[in-house]
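Secondary and tertiary structure notes
Spelled out from the first residue to the last, the chains are:
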Amino acid sequence: MLSPLEVTSHLLARRLYAAKRPVLWASGGKDSMTLLHLCQPWARKLTVLHATVDDGWPGVTENLVEQCAAWHYPRLTIVKPWMTFEAYVERYGWPVDIVPTALEGATAVVQSVYRTTPIKVSSWWHCSFVRGIYPLMLATAEHQADVVLTGSRLADAPDNAIYQAEIATRHPAGWQRLNPLSEWTTADIWAYIDAQQIQLSPHYAWKRYADYESVDCMSCTLHPQHWATLQQHYPEEYARRWPTVQPVYEALYTALAEGAEACRLLLPPTSWTPSPRC
């Protein structure tokens, strides 16, 4: 049985040999940096599209640019979001994981979290699509790519078909998406990074050991744990941002607590168990 590394190597050799205008989507995180390292034999054929955010962690873009130069990638395009985080919040609401969305991210569900406040919340995945994935798709179409490589892995979303290694259906713009790291576990990724001594951005010094999946934007409200991390490692940023974010969590807490109490009164005690996250 082939190892995940062997499966990935065979897939890259087979598909990149035939590709005419392949691009690689790179966020600068551990998965995309692993993929960039693996794709070095085809570096001169690939165009790297780096999705950056206006509110991201320090050093991510700088590290990716440095590594692309070291690994001899001649074409790197930095793709910026067409909407700032502040503009997104004003238009759609604060991104949280309790708001559903269409899986592809194209449909937002926007609502007021509590009837006595003007605070709106929206889906985290919709925010990611609007500010990160959609600009990448536009840049990919402009490049007239026939193949798109991503660092997406099934371990992050086991039921998501778009994370399979090869997506049979082509995008309407003509490209086929490949996820060469599809079968890799997080342990596989870190083992490869350690073995190859791949340099990552500074925030991985703590992110590697976080017990939650860290977000890309420093002001994101997806994980409450994120703010404890920000307070510990970036106290000045925390002090600047928290006064704006605190009312959001207060409104969320109030709305969720009222909903939980209503469910408790309505449902038989044996029919449900509160989540440990509550």
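Remember, predicted model here, so these are calculated numbers, not experimental data.

Topic: the environment of Thr185
Looking at where Thr185 falls in the secondary structure, it is placed in the loop between strand S8 (176–178) and helix H6 (186–196). Judged by its relative accessible area of 36%, Thr185 falls in the partly exposed class.

With respect to the state of the cysteines
The bond known as a disulfide is covalent and runs between the sulfur atoms of two cysteines. A complete count under the given rule lists 0 disulfides for this structure. Counting only cysteine sulfurs, Cys217 is the nearest neighbor of Cys220, a cysteine outside any disulfide, at a range of 6.3 Å. Classification of Cys220 by relative accessible area gives buried; the value is 5%.

Thoughts on the packing of helix H8 (residues 224–233) against helix H9 (residues 235–266)
With their axes 8 Å apart at the nearest point, H8 and H9 run at an angle of 155 degrees to one another. In terms of their interaxial angle, H8 and H9 are classed as roughly antiparallel. Relative to H9, the crossing made by H8 is left-handed. The segment H8 lies against H9, with Pro224, Trp227, Leu230, Gln231, Gln232 and His233 engaging Pro235, Glu237, Tyr238, Arg241, Trp242, Val245 and Tyr249.

Quick word on the pattern of salt bridges
Tallied over the entire structure, the rule returns 7 salt bridges. Asp31 serves as the salt-bridge partner of Lys30, at 3.9 Å between the closest nitrogen and oxygen. Residues Lys30 and Asp31 agree in their burial class; the two are buried. The partner of Glu237 in a salt bridge is Arg241, with the nearest N and O atoms 2.9 Å apart. Linking Glu237 with Arg241, this pair stays in helix H9, spanning 4 residues, or about one helical turn. Using a relative accessible area of 10% as the deciding quantity, one classes Arg241 as buried. Within this structure, Asp55, Glu237, Arg240 and Arg241 form a network of salt bridges that share partners.

Things to note about the sheet that holds strand S3 (residues 76–79)
Strand order in this open sheet of 5 strands is S3-S2-S1-S7-S8, and the pairing throughout is parallel. The sheet is open, and its two borders are formed by S3 and S8, each paired with just one other strand. Within this sheet the neighbouring strands show an average axis-to-axis angle of 25 degrees, counted without direction. When strand S2 (residues 47–51) meets S3, the two strands line up parallel, connected through 4 bridges. Bridge pairing in S3 places Leu49 opposite Thr77. Packing against the sheet, helix H1 (residues 4–18) makes contact with strand S1 (22–26), strand S7 (147–149) and S8, and its axis sits at approximately 150 degrees to S7.

Details of a nonpolar patch on the surface
The grouping of Trp82, Tyr134 and Leu138 at the surface amounts to a nonpolar patch, some 330 Å² of accessible area in total. Within the fold, Leu138 resides in helix H5 (residues 124–143).

A closer look at H6
Taken as a whole, H6 has its buried residues at Ile189, Trp190, Tyr192 and Ile193. Looking straight down H6, one finds its buried side chains confined to an arc of 160 degrees; they lie on one side. Exposed side chains of H6 directed beyond 90 degrees from the buried face belong to Ala187 and Ala195. On its buried side, H6 packs onto H1, helix H2 (30–38) and helix H7 (204–207).

Structural notes on unusual backbone geometry
If you check the backbone angles, His72 has positive phi at about 65 degrees while not being a glycine. Note on placement: His72 falls in the loop between helix H3 (60–70) and S3. Assessed through its relative accessible area of 54%, His72 is described here as exposed.

Some details on the side chain of Asp146
Mapped onto the secondary structure, Asp146 falls in the loop between H5 and S7. Look at Asp146: it is buried, it has no salt bridge, and the nearest opposite charge is Arg21 at 5.5 Å. In this structure the side chain of Asp146 is engaged in a polar contact, spanning 2.7 Å, whose partner is the backbone nitrogen of Lys20. Apart from residues no more than four positions distant in its own chain, Asp146 is found in contact with Ala19, Lys20, Arg21, Pro22, Arg170, Gly174, Trp175 and Gln176.

With respect to H2
H2 sits mainly inside the fold: 9 of its 9 residues count as buried. Among all positions of H2, only Lys30, Asp31, Ser32, Met33, Thr34, Leu35, Leu36, His37 and Leu38 are buried.

With respect to the nonpolar core
Among the nonpolar cores identified, the biggest contains 30 residues, and Leu24, Leu36, Cys39, Leu46, Tyr73 and Leu149 are the most heavily contacted of them. Broken down by secondary-structure element, the contributors of at least two residues to this core are H1, S1, H2, H3, S7 and H6. What Leu149 contacts, discounting residues up to four positions off in sequence, is Leu12, Leu16, Val23, Leu24, Trp25, Leu35, Cys39, Leu46, Leu178 and Pro180. Val96, Trp206, Met218 and Tyr238 belong to the second-largest nonpolar core, a separate cluster that totals 20 residues.

The rules behind the values
- Residues numbered from 1 in each chain as written.
- Predicted model: local features only at pLDDT ≥ 70, side-chain atom pairs only at ≥ 80, totals over all residues.
- Heavy atoms only, no water.
- Helix = DSSP H or I, 4+ residues; strand = E, 2+ residues; numbered from the N terminus.
- Buried < 20%, exposed > 50% of the residue type's maximum accessible area, 1.4 Å probe, protein only.
- Disulfide = S-S within 2.5 Å.
- Axes fitted to C-alpha atoms, helices over the stretch in contact; angles between N-to-C directions.
- Parallel < 35°, antiparallel > 145°, perpendicular 65-115°, else oblique.
- Left-handed = near helix turned anticlockwise from the far one by under 90°.
- Contact = heavy atoms within 4.5 Å.
- Salt bridge = Lys/Arg side-chain N within 4 Å of Asp/Glu carboxyl O.
- Pairing = 2+ DSSP bridges.
- Patch = residues over 30% accessible without salt bridge, like charges linked within 9 Å, V, L, I, M, F, W, Y side chains within 5 Å.
- Areas by Shrake-Rupley, 256 points an atom, 1.4 Å probe, with all protein chains shown as cover.
- Arc of directions from axis to C-beta.
- Lys, Arg positive; Asp, Glu negative; His and termini not counted.
- Polar contact = N/O pair within 3.5 Å; in protein donor to acceptor, adjacent residues only side chain to side chain.
- Core = buried A, V, L, I, M, F, W, Y, C linked by side-chain atoms within 4.5 Å.

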